[in-house]
2 protein chains.
Amino acid sequence: MNAEFDLIRRYFSRPVAGALLAGGDDCALLLPQQQALAVTCDTLVAGTHFLPDDAPADVGWKTLAVSVSDIAAMAACPRWATLALTLPEVRHDWLAAFAEGLYACAKAYGVALVGGDTTRGPLAATVTLLGEVPQQRAVRRNGARAGDELWVSGQPGRAALGLQCAQGTLALPDEARAACLAALHRPQPRLALGRLLAVRATAMLDVSDGLLADLGHLLRASKLGAELWLDALPLAALQQMGASREQAMQAVLAGGDDYELLFAAPASLHEEVRQAGVTLSLPLHCIGRCETGETVRLLDGAGQEVALGAFAGFEHFPATEQEGA
Amino acid sequence: MNAEFDLIRRYFSRPVAGALLAGGDDCALLLPQQQALAVTCDTLVAGTHFLPDDAPADVGWKTLAVSVSDIAAMAACPRWATLALTLPEVRHDWLAAFAEGLYACAKAYGVALVGGDTTRGPLAATVTLLGEVPQQRAVRRNGARAGDELWVSGQPGRAALGLQCAQGTLALPDEARAACLAALHRPQPRLALGRLLAVRATAMLDVSDGLLADLGHLLRASKLGAELWLDALPLAALQQMGASREQAMQAVLAGGDDYELLFAAPASLHEEVRQAGVTLSLPLHCIGRCETGETVRLLDGAGQEVALGAFAGFEHFPATEQEGA
């Protein structure tokens, strides 16, 4: 759109520290200090990832936060972002609020917005985020070993309950509803935890597709299976919020948009990992153990296997999509 | 979409050289060799930047080429790209052709596709491209000095005529039509030229909004005005293709999507710059000169000023957009 330059100047030109050049040229110029760059890219589309009438400040926050979460999951440090924003029309109130949310997230996680593009079209935002990490400290998905413990941070499942509240399919008490909506709209990437785990975790990723689905990614990359312990899953907090046990199970195991960290670490580091959670005042749940094989088994307190088939999200390649024309 | 991982595996997972890690993890990991990184980001939206029934291979090529052009305009070397692709539905024929075009451009300019995101929504593609450049060799927009000559590469205006052909508002002979459509759909970023100009040009950008509009960006950044020489504008080739003199003027001065390089260089380097064009078999046109002041004057062969007001594209901040709600 012709007003592109003006929109960038008005809304996305706050002072940038840590870049040679940001804005007003063909490219931004950056001076990385560390050995390796971590790069991630995420798009939020109106109607798919958020609702057109969601609070624009929340959309701005989340647009960046989901990428910060990927950087956290590599144990990297976020540095520079570009924003590609596609707008059906120029609505200054929406843009101002979106920019507020985006810059709030940028400030919270030390990100400099160094460039981007503004175009006319259906509402969507793409962030590409660059982080830095010493090459040997980056934690990939494929390093887990049989016997490693599996951990998840914080409280997975709240975002899924928040989505159900927003869609009107779940009623929760006001305070619980607010907490779940906040988890959905203002995810808090576990950046400090990711960096603490740099030399401890053998494999790590962030939970965006649901715990079971993302566990599947980690295990496939590491060529392992796992057992999960039903009694160790963080269901209680969701039940205390008013969810049924079944709803809590579904939300924890298959709910998306959590942006918690899921990681494997040697059992010998159990106490050290636990202590990291204490240091950060962030609950860390040891929910299972990697094992050889290709399957994920959920075991109850008596060691009996509980069927996992009921938890949607685990099958993330539905054949109709895969082969559809 | 749930089939995201499968789409990436099928279409966007070709072998990557020059990255520590690309695909299949939270981030790509890169090892820059040069001091500074150049970063640029561009979105192409169906209906705004291309037509939904444009050849998908062309859309794939152009999606990357427009960013390569920005890297070229910094005198940098393109290295790594992320692709955020939003699709209304999974159409394998479209995706296969889009990927062919994208990878053809990547191969032509030495770019490795290292990551991205695939989402469901209205058709659009965003590329963020990282390039490398020794810090002191990057050419910005703001370094032009009064007396510097102004040059433009290749043949600006062909893409604008191509767009008119595609829209049915201009009829050209078959060969000319094909050349103009190729310029529109398969822009050839001037990467080799940009790098040759690294220590010669004082300011440079790529012509994407039209020559006059982009000249305005360069001059504002450099706090200068300029005179342009009518007789030096590359109109003849467009007229030989069948455009009227008026159509050729409009296309050269105000047509968008050219992706030629517009640059300022000291008059003392005139012969050296000319020789660079000979070396690359790429016409370089010396079209004017920077001068103090804030205005751009177009002068005819007798030194008389020719009105520029008629050339749309120069006014790129229409008030209705700027203040629109």
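J.: Explain the interface of chain B and chain A to me, using residue names and the numbers behind them.
T.: Each partner contributes residues to the interface: chain B has 69 residues there, and chain A has 69 residues. Summing the contributions of chain B and of chain A, the shared interface buries around 5600 Å²; its carbon and sulfur component is 56%. Viewed at the interface, chain A and chain B are joined by 4 salt bridges. Where chain B touches chain A, the interface holds 18 residue pairs in polar contact (both at pLDDT 80 or more). Top contributing element to the side of chain B that touches chain A by residue count: strand β2 (residues 36-45) of chain B, with 9 residues. Considered class by class, the residues forming the side of chain B that touches chain A number 33 nonpolar, 20 polar and 16 charged. Bridge analysis of strand β1 (residues 28-30) of chain A against β2(B) gives 3 bridges, and the strand direction is antiparallel. Following the sheet pairing, A:L30 is matched in β2(B) by B:L37.

J.: Could you give me a rundown of the relation of the copies chain B and chain A, with the residues and numbers involved?
T.: If you rotate chain B by 180 degrees and push it 0.0 Å along the axis, it lands on chain A with an RMSD of 0.0 Å. The operation mapping one copy onto its partner corresponds to a two-fold rotation axis.

J.: How would you summarise the packing of aromatic side chains if you had to cite specific residues and measurements?
T.: Here the structure, examined in full by the defined rule, presents 10 aromatic pairs over all chains. Taken together, a centroid distance of 6.2 Å and an interplanar angle of 80 degrees make the contact between B:F12 and B:F98 edge-to-face. In this pair, B:F12 sits in the loop between α1 (4-11) and β1 (28-30) while B:F98 sits in helix α3 (residues 92-109), placing the two residues 86 residues apart along the sequence. Residue B:F98 is classed as buried on the basis of its relative accessible area of 0%. Note on B:W151 and B:F263: the rings are 6.2 Å apart at their centroids and 0 degrees apart in plane angle, and the pair reads as stacked. Of this pair, B:W151 sits in strand β6 (residues 149-153) while B:F263 sits in strand β9 (residues 260-265); the two residues are 112 residues apart in sequence, bridging distant segments of the chain. Grouping residues by exposure puts B:W151 and B:F263 together as buried. Cluster of aromatic residues (ring-pair linked, three or more members): A:Y11, A:F12, A:W94 and A:F98.

J.: Describe the sheet that holds strand β8 (residues 225-229) of chain A, with residues and values.
T.: Residues and elements named next belong to chain A. Across the sheet, 7 strands lie side by side as β7-β9-β6-β10-β8-β11-β12; this open sheet has mixed pairing. One side of each edge strand has no neighbouring strand; the edge strands of this open sheet are β7 (203-207) and β12 (305-306). Two strands pair when backbone bridges link them, and strand β11 (residues 296-299) and β12 are joined in this way by 2 bridges, in the antiparallel orientation. Its bridge partner lying in β12, L298 is registered against V306. Contacting β6 (149-153), β7, β8, β9 (260-265), β10 (284-291) and β11, helix α7 (residues 211-222) crosses the sheet at an angle of about 155 degrees to β7.

J.: How would you explain the pattern of salt bridges if you had to name every residue and give the values?
T.: All names here are of chain A. Using the criterion set out here, one finds 26 salt bridges over all chains in the structure. The salt bridge partner of E100 is R14, with a shortest N-O separation of 2.8 Å. Of this pair, E100 sits in helix α3 (residues 92-109) while R14 sits in the loop between α1 (4-11) and β1; the two residues are 86 residues apart in sequence, bridging distant segments of the chain. Through salt bridges with shared partners, a single ionic network connects E227, R289, E291 and R297.

What counts, and where the lines are drawn
Residues numbered from 1 in each chain as written. Chains lettered and ligands numbered in written order. Predicted model: local features only at pLDDT ≥ 70, side-chain atom pairs only at ≥ 80, totals over all residues. Heavy atoms only, no water. Contact = heavy atoms within 4.5 Å. Buried area = accessible area lost by both parts, 1.4 Å probe. Salt bridge = Lys/Arg side-chain N within 4 Å of Asp/Glu carboxyl O. Polar contact = N/O pair within 3.5 Å; in protein donor to acceptor, adjacent residues only side chain to side chain. Helix = DSSP H or I, 4+ residues; strand = E, 2+ residues; numbered from the N terminus. Nonpolar A, V, L, I, M, F, W, Y, C, P; charged D, E, K, R; others polar. Pairing = 2+ DSSP bridges. Least-squares fit on C-alpha atoms with pLDDT ≥ 70 in both. Phe/Tyr/Trp six-rings, centres within 6.5 Å; stacked < 30°, edge-to-face > 60°. Buried < 20%, exposed > 50% of the residue type's maximum accessible area, 1.4 Å probe, protein only. Axes fitted to C-alpha atoms, helices over the stretch in contact; angles between N-to-C directions.

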